[in-house]
Amino acid sequence: LTENTSLGSIKRWLLREKARSLQNSDTFTRLYEETHLTVFRYVYGLSAGSRQEAEDLTAETYTRAWKQRGRFHGDEQAAFGWLLRIARNLAIDASRRRKVRDVDENSNIELLLDSHPAPEVDVIAREQIATLWNLLGSLSSDIREILVLRYMLGWQVRQIARYLGVNENTISVTIRRTLKSLQQEWVHSQEKFDE
Amino acid sequence: MNNQKLSSVPDENKMEELLARIQPVPSEAFRQQMTQASWRGDRRRQGGSIIGSVRTKLALAGMLLLLAAAAIFTPPGRALAQSVLQFFTRAESDTFYVEPSDLTVEETTPFLVECGSWIAPTCSMQQIRSKVDFEIKELGVLPEGMYFGGATGGSDNVGFAYLYEDRLAGQLSVSVEPKGRPSPYPWLVASSAVVEQVQIGDLPGEYYTGTLFQDEHGNVTWQPNDPR
C-alpha cells in the first residue's frame, strides 16, 4: 500500500465513524444542546425579527438537519457550520417574507439580554442596546450577519472570513465602516427625536 | 426625562461592547417544546442504523464483513478466495496520524443523489443491482428482529446494511466489490489485528474485532476493544 492509499483508507474509516455517530439520536441531541443557543442568537440577529420567530427558525433548523442528516458527511465542527448554513437560509427567507419588523418586541430590551444580566448593565446601557438593536435592523442582511458573528457569537475575524468565504481584510474593513455608519445613524436618530 | 435622551452616542469601542452584550436567550416554552423534538422520539429506527460514538466502536468491532462477490460465487472463485484472497488489508502499524481538519472534507458517495450516503443508504437491492455491472448477493435469511436498511455505493463498491429493530447499537454492514478492480481505498486493519478465517454459509470470510480511534490531536490508534 502506498502512504496515500493507507491514509485514504484511514480517513474513510474515520469519516464514516464520525459521520455515523452524528446520525445517532443521542449524538444529535448532544449537538443540539451544545449549539442551539448559538444558532438561536444567530437567527435572531440575522433575521432581526421577533424572539418567537427566532425560536421557530431555530426549531426548523434542527428539524431540517435531522431529516437531511443522511446527506451530511463530516465531524461535529463541520456539523455546526452546516447547521448555521441551514439557519441562515431560513432566516433570510423569513426576512424576505416579513414586510414589517416587529418593532414593539425589538424594543423590549429584556429579550435581548441574557436572563441574568450583570448588575453593571445599567439603565443607560440598556437604552443604548435597544437603540443599537433597532439600528441593526436597518442594515443589509450580509452586513448584519458579520456583526452578529463578530459580537453576538464572539467569532474571530478569521473564523468569519472562513465561514463566509471572503478575506479577513474585507471583514475587518466592513466592521469598522459599519460601526462608523451606525454612529452616524445614531446621531441622526437622536436629532430626529430632538426635533 | 425621556429614555432616548439618556442614550449618548457611544464611541466605537463602546459600540463593540454594547453589541457583545446582546445575548438573547430562548424562552422556557421553546426549551420545553424542543424536548419533544422529532429526533428525540426516533430511537427505535435509530437504534439499528446509527450508533453513538462508544457504541459505534463496539458495533463496528463485532460486525464488519467484506465479501468479494465475483470471486466467491463460483466454485473456482471460492477455492481461490479461501486460499489466496485476503479481504482486509493489513496496515504496517497500529498508530497513525491524520490531521483532524482533514476530516471535515466531505466524503463522497458516488450514488449519493440516487441512493443516499454510506451512512443512510436508501436504495433497494433491486435498485442498486441495476446500477452496477457486477453481481451483488444478499443474505438469504435474516435473524429475527433484523431488517434490510438500504444500499448505496459506486461503480466499484456497493455497501448495504442490516439493522436491528430493537437495539440501540449494532448493525451489519456489507461491502461488495468486483473481482479484478482494486479498491481505491482498501479496507484496512491494523498490524496487530487478529483476523480470523470464518465460514458464512458456503462462503469464506474474515472476521476481526477492533476499530480505529482518533483523539483530538489527530493521533489514530487501533483499539481491539471499546476504546473508552
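Quick caveat: nothing in here was measured; it's all calculated off a predicted structure.

**Describing the sheet that holds strand S10 (residues 211-214) of chain B**
Residues and elements named next belong to chain B. Strand order in this open sheet of 3 strands is S3-S11-S10, and the pairing throughout is antiparallel. Whereas interior strands pair on both sides, the edge strands pair on one side only; in this sheet they are strand S3 (95-97) and S10. Each neighbouring strand pair of the sheet contributes to a mean axis angle of 30 degrees, computed without reference to strand direction. Of the strand pairs in this sheet, S10 and strand S11 (residues 219-223) are connected by 4 bridges, and their pairing is antiparallel.

**Points about the state of the cysteines**
Residue and element names in this part refer to chain B. Evaluated as defined, the whole model comprises 1 disulfide over all chains. Disulfide pairing places Cys115 opposite Cys123 at an S-S distance of 2.0 Å. When the S-S torsion is -75 degrees, as for the bridge of Cys115 with Cys123, the disulfide is left-handed. The pair Cys115 / Cys123 is uniform in exposure class, with both members buried.

**Considerations on the packing of helix H7 (residues 141-152) of chain A against helix H8 (residues 157-164) of chain A**
Residues and elements named next belong to chain A. Axis separation between H7 and H8 bottoms out at 9 Å; the angle between their running directions is 135 degrees. As judged from the angle between their axes, H7 and H8 are oblique. The element H7 and its partner H8 pack so that their crossing is right-handed. In this structure, H7 uses Glu145, Ile146, Leu149 and Arg150 to contact H8, whose residues at the interface are Val157, Ile160, Tyr163 and Leu164. Along the lines of polarity and charge, the residues of the contact of H7 with H8 split into 6 nonpolar, no polar and 2 charged.

**Section: the environment of Val174(B)**
Within the secondary structure layout, Val174(B) lies in strand S6 (residues 171-177). Residue classification places Val174(B) among the buried residues on the basis of a relative accessible area of 3%.

**Quick look at the nonpolar core**
One finds Tyr42(A), Leu136(A), Trp155(A), Ile175(A), Leu182(A), Leu19(B) and Trp39(B) to be the most contacted residues of the largest nonpolar core, which totals 57 residues. The biggest single contributor to this core is helix H4 (residues 76-97) of chain A, with 10 residues. Not counting residues up to four positions away in its chain, the partners in contact with Tyr42(A) are Leu84(A), Ala87(A), Arg88(A), Glu145(A), Val148(A), Leu149(A), Leu153(A) and Tyr163(A). Formed by 17 residues, the second largest nonpolar core is a distinct cluster that contains Phe87(B), Phe96(B), Leu188(B) and Ala193(B).

Basis of the calculations
Residues numbered from 1 in each chain as written. Chains lettered and ligands numbered in written order. Predicted model: local features only at pLDDT ≥ 70, side-chain atom pairs only at ≥ 80, totals over all residues. Heavy atoms only, no water. Pairing = 2+ DSSP bridges. Helix = DSSP H or I, 4+ residues; strand = E, 2+ residues; numbered from the N terminus. Axes fitted to C-alpha atoms, helices over the stretch in contact; angles between N-to-C directions. Disulfide = S-S within 2.5 Å. Buried < 20%, exposed > 50% of the residue type's maximum accessible area, 1.4 Å probe, protein only. Parallel < 35°, antiparallel > 145°, perpendicular 65-115°, else oblique. Left-handed = near helix turned anticlockwise from the far one by under 90°. Contact = heavy atoms within 4.5 Å. Nonpolar A, V, L, I, M, F, W, Y, C, P; charged D, E, K, R; others polar. Core = buried A, V, L, I, M, F, W, Y, C linked by side-chain atoms within 4.5 Å.

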